[in-house]
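Residues per chain, in single letters:
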Amino acid sequence: MRFILRSHFLLLTVFAVLPAWNSCRGQDSAIAQATPESSQQPQQVSSQKSVATSPDANPGSQQNTPPSSTLDDTVDAGEMDDDIDHAPRRMSRWNEYTGPHFIAKLGMGFLIDTAAYAQNIESKEQINMLPAQRLRDFRFVLGGSFPSLSRKVTWNVGIMYDAPTHSWVIRQTGIMVAVPQLWGNVFIGRSKEGFSLNKVMVGYDGWTMERSTMSDATIPILADGFKWLGYTPKHGFLWNFGYYNDWLSQGQSFSTYHNQTVLRAVWLPIHSDETRTAFHVGLNLRNGSPKQGQLQFRARPEVSQAPYFVDTGKFATTNTKMAGYETYYRKGSLLLGSEYWWVHANSSSTHNPTIHGGDFVATWCITGEARAYNTIQGAFREVIPKRSVFSGGLGAVELIARFSDIDLDSGTLKGGKFWRFTPMVNWYLTDYLRLVGTYGIGRLDRFNLKGNTQFFQTRLQFEF
């Protein structure tokens, strides 16, 4: 009961404070637009916003496409859709500065999650769990560009408070340079590897609260190195190619590989803004050398507070190779998609195992919004409501159903098998506030038992 009361008190506090904050923010914007400087120089009107990128990327570093546009062909070092280079000098908002030679913008985001469970007897014998509430993610991001340079150069710095370890860590940080001669951009620094649309996609923008178990078990959240993002509009073809090394990431929790090479190639046979239609077909390839010749695949059941459900333990391996597909179809407010991949480990001691897993998802915005698709990243954006609840509207309501599975039993590895079905609702009250209600049912096949667990989850997401 105390757990539930604390959760309700937190939500009531947010609803009481944010409308007033939003009103003040609107007044500040109106005052800034009324200044002589702004009246003398035309400004581009846009409903885009800075949002958090994810529990593993950068809030405040991404601008979302207005609801009227469903395709986006811009990107920068913070993985954002951004046109701030062409704005006049101003300090119209406390968190941004735009000048002729330097642009900077500060962003922030946080997630608060609650989770409760209903387990059958077999599930309790496998893993016993208790209800929990915790800060999932809290971070600051500073990004910008140098508009006076002859080519587009953007930068980003992300820092996150890691609640489990009570420490601050560096997240997506680096420089991106536009290279038209290579049909795209080159990023140098710490970023996503580029394997899997759902992993590339900003976590705060994701349709579900957590990525699939297969994603968390096999793809490091970040890596240090360089990435080439290319796109040929005429042929509807895009790619991400990256090489990463651990020489800067010693001691980081995500640093499980000494080096890795990743290639993601995507074809867009259909991408029309007029019909709000996008058809995405992709191939992912990855080759990696684990640190110290050891590796471990493990994942929680898509609940950040839960213990690990599947876990191979550490085993000796000199190399891993990954391959898989991704396919998504968006028609207006309806989105259907699937990803699946296989990981082969060169490990004679465990008989060279091959593990596999993925997911299938359907989302529908019943209020009519469509997720914008970024043709440079090859990923979807967050839902932007047509009219927020603070402006008298309903916000945006998105219904989701996802099935995910993972199989870590191969060779002599006995990491377990797990599947989960997740129906859920996303309510975007405005472009910076989101409430999530999630139900899930899953089955774990491990320890010579097959246990069923029901999951009850909520999330409060704030970002700017």
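All values derive from a computational prediction rather than experimental measurement.

### Topic: unusual backbone geometry
So, step 1. A positive phi angle is found at Trp-183, which is not glycine, with a value near 60°.
So, step 2. Position of Trp-183 relative to the elements: it lies in the loop between β9 (173-179) and β10 (184-191).
So, step 3. Positive phi, normally seen in glycine, also occurs at Ser-196, with a value near 85°.
So, step 4. Tracing the sequence through the fold places Ser-196 in the loop between β10 and α4 (197-200).

### Points about a nonpolar patch on the surface
So, step 1. The grouping of Ile-270, Tyr-329, Leu-334, Leu-336, Trp-364, Ile-366, Leu-399 and Val-425 at the surface amounts to a nonpolar patch, some 650 Å² of accessible area in total.
So, step 2. Mapped onto the fold, Val-425 is located in strand β25 (residues 413-430).

### Brief notes about the confidence of the model for the protein
When pLDDT is low, close inspection of the predicted coordinates is not appropriate.
So, step 1. Confidence along the protein averages 85 in pLDDT terms, with 82% of residues attaining 70 or more.
So, step 2. For the stretch residues 1-67, pLDDT sits under 50, and the model shows 156 contacts to residues farther than four places along the chain or on other chains.
So, step 3. Within the model, pLDDT remains below 50 along residues 80-91, and this stretch shows 41 contacts once partners closer than five positions in the same chain are excluded.

### So, the packing of aromatic side chains
Aromatic ring pairs are defined here through the distance separating the ring centres and the angle between the ring planes.
So, step 1. Applying the stated rule across the entire model yields 26 aromatic pairs.
So, step 2. For the ring pair Tyr-432 and Phe-462, a centre distance of 5.8 Å and an interplane angle of 80° mean the geometry is edge-to-face. You can see Tyr-432 sitting in the loop between β25 and β26 (433-446) and its partner Phe-462 sitting in strand β27 (residues 449-463), a full 30 residues away along the chain. For the pair Tyr-432 and Phe-462, one class covers both residues: buried.
So, step 3. Aromatic rings pair up to connect Trp-94, Phe-110, Phe-390, Tyr-432, Phe-462 and Phe-464 into one cluster.
So, step 4. Sitting over the ring of Phe-455, Arg-420 keeps its end group 4.5 Å from the ring centre.

### Here's the deal with the environment of Glu-398
So, step 1. In this fold, Glu-398 is placed in strand β24 (residues 396-410).
So, step 2. Considering only alpha carbons, one finds Glu-398 and Trp-427, 29 residues apart in sequence, at a separation of 6.5 Å.
So, step 3. Setting aside residues up to four positions removed in sequence, Glu-398 forms contacts with Trp-207, Thr-363, Trp-364, Cys-365, Arg-371, Val-383, Met-424, Val-425, Asn-426 and Tyr-428.
So, step 4. Looking at Glu-398, its side chain comes within polar contact range of the side chain of Tyr-428, at 3.1 Å.

### A closer look at the sheet that holds strand β22 (residues 373-374)
One key point about sheets: their strands pair by backbone hydrogen bonds, in either a parallel or an antiparallel sense.
So, step 1. The strand order across the open sheet built from three strands is β3-β22-β23, with neighbouring strands paired in mixed fashion. Unpaired on one side and paired on the other, β3 (71-72) and β23 (379-380) mark the two borders of the sheet.
So, step 2. Taken together, the two bridges between β22 and β23 define a ladder with antiparallel strand orientation. Note that in β23 the partner of Tyr-373 across the bridge is Phe-380.

### Details of the environment of Tyr-117
So, step 1. Mapped onto the elements of the fold, Tyr-117 is located in strand β5 (residues 103-119).
So, step 2. When its relative accessible area of 15% is taken as the criterion, Tyr-117 is described as buried.
So, step 3. Expressed as a C-alpha distance, the spacing of Tyr-117 and Thr-453, which sit 336 residues apart in the sequence, is 6.8 Å.
So, step 4. If near-sequence neighbours (up to four positions away) are discounted, Tyr-117 is found in contact with Met-129, Leu-130, Pro-131, Val-303, Gln-305, Ala-306, Thr-453, Gln-454, Phe-455 and Phe-456.

### A closer look at the pattern of salt bridges
So, step 1. Enumeration according to the criterion identifies 15 salt bridges in this entry.
So, step 2. The residue Lys-291 makes a salt bridge to Asp-246 at a minimum N-O spacing of 3.8 Å. One end of the pair, Lys-291, is in the loop between β14 (277-290) and β15 (294-295); the other, Asp-246, is in the loop between β12 (237-245) and β13 (257-272), and 45 residues separate them in sequence.
So, step 3. We classify Lys-291 as buried; its relative accessible area is 17%.
So, step 4. Relative accessible area serves as the criterion here: at 4%, Asp-246 is assigned to the buried category.

Cut-offs applied
Residues numbered from 1 in each chain as written. Predicted model: local features only at pLDDT ≥ 70, side-chain atom pairs only at ≥ 80, totals over all residues. Heavy atoms only, no water. Helix = DSSP H or I, 4+ residues; strand = E, 2+ residues; numbered from the N terminus. Patch = residues over 30% accessible without salt bridge, like charges linked within 9 Å, V, L, I, M, F, W, Y side chains within 5 Å. Areas by Shrake-Rupley, 256 points an atom, 1.4 Å probe, with all protein chains shown as cover. Salt bridge = Lys/Arg side-chain N within 4 Å of Asp/Glu carboxyl O. pLDDT = per-residue confidence, 0-100. Contact = heavy atoms within 4.5 Å. Phe/Tyr/Trp six-rings, centres within 6.5 Å; stacked < 30°, edge-to-face > 60°. Buried < 20%, exposed > 50% of the residue type's maximum accessible area, 1.4 Å probe, protein only. Lys NZ or Arg CZ within 6 Å of the ring centre and 35° of its normal. Polar contact = N/O pair within 3.5 Å; in protein donor to acceptor, adjacent residues only side chain to side chain. Pairing = 2+ DSSP bridges.

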